[in-house]
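This is what each chain is made of:
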Amino acid sequence: MLIQQFRYDNYRLHQLGNNSVFTITLQAGLSAIKTPQCYKEDGSSKNPDCPVCSKSLNKLAQPLPMAHCANSRLVCKISGDVMNENNPPMMLPNGYVYGYNVSVGVNDLLMAKIAVVRI
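Residues numbered from 1 in each chain as written. Predicted model: local features only at pLDDT ≥ 70, side-chain atom pairs only at ≥ 80, totals over all residues. Heavy atoms only, no water.

A. Spatial organisation of the overall build of the chain. If you tally the helices and strands in the chain, you get four helices and four strands. The order of helices and strands in the chain, counted from the N terminus, is α-α-α-β-β-β-β-α. Scored against the burial criterion, the 119 residues of the chain give a buried share of 14%. Long-range pairs, those at least 24 residues apart, make up 28% of the contacts in the chain with a sequence separation of at least 6. Entry remark: accessible area of the chain is about 10,000 Å², with carbon and sulfur atoms responsible for 59%. (Helix = DSSP H or I, 4+ residues; strand = E, 2+ residues; numbered from the N terminus. Buried < 20%, exposed > 50% of the residue type's maximum accessible area, 1.4 Å probe, protein only. Contact = heavy atoms within 4.5 Å. Areas by Shrake-Rupley, 256 points an atom, 1.4 Å probe, with all protein chains shown as cover.)

This is the structure we're talking about:
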């Protein structure tokens, strides 16, 4: 009891927390990249490269706050390329948005299929 009281008072005196620096750094990193997609039930939107989407770190990050992203960027789901002025977003008739470079490739593929059907 006396040892615990000493540690508590020492931490308060020097303004230290009970958690290690590693724990605090890990929590800060997980919180910075945690998004709602990491916790969707269907599992289709989980990124295999995202540490928070992995099973072990997903449980550790659950009580942490979500990341706040003031600036977002669009990424094409097919090619993985960032959509910007060189690859502007294009909406297809099905309502999905893809990069221009992919939509041009899809258009060429569809035209090739139409040409084969006509012959």
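So, next bit.
B. Broad picture of a nonpolar patch on the surface. On the surface, Phe22, Leu26 and Leu60 cluster together to form a nonpolar patch covering roughly 310 Å² of accessible area. With respect to the helices, strands and loops of the structure, Phe22 is situated in helix α2 (residues 21-33). (Patch = residues over 30% accessible without salt bridge, like charges linked within 9 Å, V, L, I, M, F, W, Y side chains within 5 Å. Salt bridge = Lys/Arg side-chain N within 4 Å of Asp/Glu carboxyl O.)

C. The arrangement of the nonpolar core in detail. Core analysis: the largest hydrophobic core is formed by seven residues, namely Leu30, Cys38, Cys50, Val52, Cys53, Ala61 and Leu64. Leu64 has contacts with Gln27, Leu30, Ser31 and Lys34, leaving out every residue within four places of it along the chain. (Core = buried A, V, L, I, M, F, W, Y, C linked by side-chain atoms within 4.5 Å.)

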